[in-house]
Amino acid sequence: MSSYTTEGLLTEFAPQLARPSKNWITWFVFFLLLFVFGMYGLYTQLTKGHIVTGMRDNVVWGIYIVNFIFFMGVSYAGALLSGVLHLFKTSWRKPIIRMTELITMVSLIIGPVFILFCIGRFERLPYLIIFPRIQSPIVWDVIAISTDLVGCFIFIYLSFLEDMAHLRDNAEALNLSPWRRKLYKYLAIGYTATPIQKKLLYFSRNVMAAMIIAIAIIVYSVLAWIFGVTLQPGWHSTIFGPYFVIAAVYSGTGVLLVLMWVFRRIYHLENYIKKQHFVNVGVLLFIIGAFYGYFTFSDYLTKWYGSARMDKLLIDKLFRNYYWLFIFSNYVGVLLPMIIIAFRRLRTINNISFGALITILALWVNRYLIVVPTLETPYLPIQDTRLDWVRYSGTWVEWSLTFAGIAVFCLLFMIISKLVPIIAVSEMVESDEYVVEDDVESLLS
Amino acid sequence: MKQSLKTVIFSRIVVILLVFIPALAIAQESTGKEDPTLEFTCLKKNDGSKLLTATLTIFRNRVTYPIVGSHIAFFLGTDTVSAVITTNPDGKAYLLLQLGLVLPLNKEGKTECMARFGGNDSLNTAESSFAVMDAVLKMSLNLIDSVKTVAVWAFQPGNKQDSIPLAGEPVNIYVSRMFSLLKIGEGSFDDQGRFTAEFPADLPGEADGTVQIIARIEDNEKYGNVEVSQSYPWGVPSMHGPTGSHRALWTEIAPMWMVITLTILLSGVWGHYIYVIIQLILIKRESKKLKL
């Protein structure tokens, strides 16, 4: 049985939910400005067309797609982690599980928006629904992402439900504003933790946790198959599905560690998010990092050894034009976090968080190296084309929207952390085991 | 003494040659002009017209380059210029002589034609000529014992009795393909001026099976190039649309396995969603029961 009480925890987290501090407002304004800058970039793109981006006939995908893959990966990682942590009742999950759930939801909102930035002819977008061809991996992706979006929202709502009920019931003590009371009352749908309600919620959460793991794997594999089923050098690989899933979990675990560091520092959660949590998630990062390194090596080794003409061209390009990015993404991004976690002396909260940050950056670069160099290596020779059409580089418009995406990620986290405690109160209080009581059985029957 | 005089004269000649030959070579180089190549051909076409083609090129560093925008003067059986044509980006200048145009003949009954490039600051002059007799080439396409047979015959025109078959002259039969001509027969005309070739039974044609069959007398010293062609549905009709299964990746309807897999997956996932939403409705209903 847990030593925490609902009232005690809510009282402790009340300052987090209270009026925003000056620091909070400063950061909020900063991210808002980044977002506005991104909107100006978007306005420029909408009025002048895609010519303001670095995308051209040859390299038709750029930073937008990289961001899409990255955010979707982070989202699936959040879903996988929260699903696994929930199902296996890992005892140390309790203070961090809400963060994993929020990572899932927030990233899933941002990721698909980047696809829209790539579309030049918006009026054709409804054709995907009006004239769907289920043979097309793009249609698979649309179906998969929308299914995943609904599933994630249901899963997250289920995990929020008990906390909403707690906040509703303790609104008086926490001195919550009237609109908050109304919001919590509405979202709590009358949940009062009766035996029947507890049982219904318990089974629903288990079902959704299992579903969300399967969906995350399938959906991110579908995203990988968009690349894998084409015959492009570097993409046409049977390993791409699992490789993408592993890479996603790796980057998502990195994001989780960084968020743990940030929220621990901002909301002074040292009593809840302890060094052991960082080490545990760090070990997870180590294992996933090892898998990611193995998959990367295996993928490039087979391509390099096979020496198919286009694969050879691509690998030569990676080691010539993208040498430092390749080294950072596939060596530094794998080895540095592993070294930090492997040695006890290095295994501090700050070091682990720094390693996680490197992981995030390395994985973003990894997606860039998957997308761009391949498109710069077409099967048909590029003739009579300007160099800036053959080589891709992101423009300020693309970077402004990228930073706007990161800003929205931070803004949504800031807003949500003002609506619900960043540590799931119900998880902290509740026992992991649900005991079916006789009277509940009789009531249900 | 005589010998020594001979030796002196010989040695002086050698010295003079040694001095002047390189000097002449240098002088030639110093003009800086190159020698272009002018090719001149004649093709008698299906409709009886004759296409004269002059091709002006230059050979530099083992690569042949066309000379664009140069004037080529055409002389048709006389010493006066009949036409001046400018070369196109391929270095070619074309002159089309319509059927019925009477050209002067020489003693051998040939038409003498010449193309001349007058040169410019960097290129020397060039000219090329030929003399050809008129020849008629005809084609007929027949099914002989279910075999598609291409028959061609050629003769020098004249009165009916005077027509002279082009016995022994070589001829080629082609079928036009997308990028080039496919040779389906080659040989020589018999004494009657006839030649036959079998048309392949399995040659793909257009959607309705149409193929273009061409017979050519080529680079003939006497007759130049003479061509006759005919389009006929002897090919195998080509179906470029979808073939085989109407359920495939490239057809409008997806493969059945894909439809079944997707249906099972989506039903499974959305079924669970519906189940969980029902549970939420039950939770809400339970709260209403408690209020009552």
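From a predicted model like this one, the values you see are computed outputs, not experimental measurements.

Glancing now at the overall build of chain A. Helix and strand counts for chain A stand at 18 helices and 0 strands. Across the 445 residues of chain A, 55% fall into the buried class. Within chain A, counting contacts between residues at least 6 apart in sequence, those at least 24 apart form 84% of the total. With an accessible surface of roughly 20300 Å², chain A has 68% of that area assigned to carbon and sulfur atoms.

Contact geometry for helix H6 (residues 137-169) of chain A and helix H2 (residues 256-291) of chain B: axes closest at 11 Å, N-to-C directions at 20°. As far as their axial angle goes, H2 of chain B and H6 of chain A are roughly parallel. Here H6 of chain A runs over H2 of chain B; the crossing is left-handed. Residues Trp140, Ile143, Thr147, Asp148, Val150, Gly151, Ile154, Tyr157, Leu158 and Leu161 of chain A of H6 of chain A form the contact with H2 of chain B, whose participating residues are Met258, Leu262, Leu266, Val269, Trp270, Tyr273, Val276, Ile277, Leu280 and Ile283 of chain B.

Moving on, we get to the state of the cysteines. Residues and elements named next belong to chain B. This structure, assessed with the given rule, holds 0 disulfides over all chains. Take Cys113: it sits in no disulfide, and the sulfur closest to it among the cysteines is that of Cys42, at 6.4 Å. With a relative accessible area of 5%, Cys113 lands in the buried category.

In this section: the nonpolar core. Within the largest apolar cluster, 149 residues are counted, with the highest numbers of intra-cluster contacts made by Ile69, Tyr220, Phe227, Met260 and Leu269 of chain A. Those residues in contact with Ile69 of chain A, other than ones at most four positions away along the chain, are Tyr220, Leu223, Phe227, Phe244, Arg367 and Val371 of chain A. Listed in part, the 26 residues of the second largest apolar core include Leu141, Val175, Ala215 and Ile217 of chain B.

All names here are of chain A. For the structure on display, the rule yields 40 aromatic pairs over all chains. Aromatic side chains Tyr76 and Tyr220 sit 5.0 Å apart centroid to centroid with 65° between the ring planes, which places their arrangement in the edge-to-face category. Pair noted here: Tyr76 is in helix H3 (residues 63-87) and Tyr220 is in helix H9 (residues 195-228), with a separation of 144 residues, a long-range link. Note on accessibility: Tyr76 and Tyr220 belong to one class, buried. Each ring, one from Tyr127 and one from Phe131, has its centre 5.6 Å from the other, and the planes form 65°; the classification is edge-to-face. Put simply, the rings of Trp61, Tyr76, Tyr220, Phe227, Trp235, Phe240, Tyr243, Phe244, Tyr250 and Tyr292 touch in pairs and so form one group of aromatic residues.

Right, let's get into the pattern of salt bridges. Residue and element names in this part refer to chain B. Inspection of every chain in the model, using the stated rule, returns 15 salt bridges over all chains. Of the charged contacts in the structure, one is a salt bridge between Lys44 and Asp134, with a shortest N-O distance of 2.9 Å. One end of the pair, Lys44, is in strand S1 (residues 37-44); the other, Asp134, is in the loop between strand S8 (126-132) and strand S9 (136-144), with 90 residues separating them in the sequence. By relative accessible area, which is 33% here, Asp134 ends up partly exposed. Here the salt bridges do not stand alone but share partners, grouping Lys44, Lys50 and Asp134 into one network.

Taken together, the 28 residues of chain A in the interface contact 29 residues of chain B. Buried area between chain A and chain B, summed over both chains or domains, comes out near 2300 Å², and the portion from carbon and sulfur atoms is 78%. Taken together, the connections running from chain A to chain B amount to 0 salt bridges. Connecting chain A to chain B are 9 residue pairs in polar contact (both at pLDDT 80 or more). Looking at the side of chain A that touches chain B, the elements with two or more residues in it are H6 and H9 of chain A. Residue composition of the side of chain A that touches chain B, by class: 18 nonpolar, 8 polar and 2 charged.

Residues and elements named next belong to chain A. A cluster of nonpolar side chains, contributed by Tyr331, Val332, Leu335, Ile339, Phe343 and Leu346, occupies part of the molecular surface with about 520 Å² of accessible area. By secondary structure assignment, the location of Val332 is in helix H13 (residues 323-342). Exposure remark for Val332: the relative accessible area of 31% places this residue in the partly exposed category.

Right, let's get into the pairing of S1 of chain B. Residues and elements named next belong to chain B. Relative to strand S2 (residues 50-60), S1 is paired through 8 bridges, and the arrangement is antiparallel. When the sheet's bridge partners are listed, Glu39 is paired in S2 with Thr55. Remark: 5 residues form the turn of the hairpin made by S1 and S2, two consecutive strands paired antiparallel; Gly48 in that turn has positive phi of roughly 90°. In terms of strand pairing, S1 meets strand S16 (residues 224-232) through 2 bridges, oriented parallel. Counted as the bridge partner of Leu43 is Asn225 from S16.

This paragraph deals with the side chain of Thr402 of chain A. All names here are of chain A. One can find Thr402 in helix H16 (residues 396-419). At 2.8 Å, the side chain of Thr402 forms a polar contact with the side chain of Asn67. At 2.7 Å, the side chain of Thr402 and the backbone oxygen of Glu398 are in polar contact. The contacts of Thr402, once residues within four sequence positions are left out, are Ile63, Asn67 and Phe114.

It is worth spelling out the environment of Leu158 of chain A at this point. Residues and elements named next belong to chain A. By secondary structure assignment, the location of Leu158 is in helix H6. In this structure Leu158 comes out as buried when scored by relative accessible area, which is 0%. Separated by 47 residues in sequence, Leu158 and Arg205 have C-alpha atoms that sit 6.3 Å apart.

Now for unusual backbone geometry. Located in the positive-phi region is Ile189 of chain A, a residue other than glycine, with phi close to 40°. By the secondary structure assignment, Ile189 of chain A is in the loop between helix H8 (178-187) and H9. Positive phi, normally seen in glycine, also occurs at Asp145 of chain B, with a value near 55°. Tracing the backbone shows Asp145 of chain B in the loop between S9 and strand S10 (147-156). Look at Asp145 of chain B and you get exposed, because its relative accessible area is 71%.

The next subject is the confidence of the model for chain A. On average, residues of chain A score 88 in pLDDT, and 94% of them are at 70 or above. Predicted confidence is poor over residues 434-445 of chain A, with pLDDT under 50, and the contacts of this stretch with residues over four places away or in other chains come to 15 contacts.

Turning our attention to the sheet that holds strand S5 (residues 83-86) of chain B. Residue and element names in this part refer to chain B. Read across the open sheet, the 4 strands follow the order S5-S4-S7-S8; overall the sheet is antiparallel. Edge strands, defined here as strands with exactly one partner in the open sheet, are S5 and S8. Going across the sheet, the axis of each strand differs from the next one's by a mean of 20°, ignoring polarity. With 4 bridges connecting them, strand S4 (residues 71-76) and S5 associate as antiparallel partners. Within S5, the position partnered with Ala73 by the bridge is Val84.

The rules behind the values
Residues numbered from 1 in each chain as written. Chains lettered and ligands numbered in written order. Predicted model: local features only at pLDDT ≥ 70, side-chain atom pairs only at ≥ 80, totals over all residues. Heavy atoms only, no water. Helix = DSSP H or I, 4+ residues; strand = E, 2+ residues; numbered from the N terminus. Buried < 20%, exposed > 50% of the residue type's maximum accessible area, 1.4 Å probe, protein only. Contact = heavy atoms within 4.5 Å. Areas by Shrake-Rupley, 256 points an atom, 1.4 Å probe, with all protein chains shown as cover. Axes fitted to C-alpha atoms, helices over the stretch in contact; angles between N-to-C directions. Parallel < 35°, antiparallel > 145°, perpendicular 65-115°, else oblique. Left-handed = near helix turned anticlockwise from the far one by under 90°. Disulfide = S-S within 2.5 Å. Core = buried A, V, L, I, M, F, W, Y, C linked by side-chain atoms within 4.5 Å. Phe/Tyr/Trp six-rings, centres within 6.5 Å; stacked < 30°, edge-to-face > 60°. Salt bridge = Lys/Arg side-chain N within 4 Å of Asp/Glu carboxyl O. Buried area = accessible area lost by both parts, 1.4 Å probe. Polar contact = N/O pair within 3.5 Å; in protein donor to acceptor, adjacent residues only side chain to side chain. Nonpolar A, V, L, I, M, F, W, Y, C, P; charged D, E, K, R; others polar. Patch = residues over 30% accessible without salt bridge, like charges linked within 9 Å, V, L, I, M, F, W, Y side chains within 5 Å. Pairing = 2+ DSSP bridges. pLDDT = per-residue confidence, 0-100.

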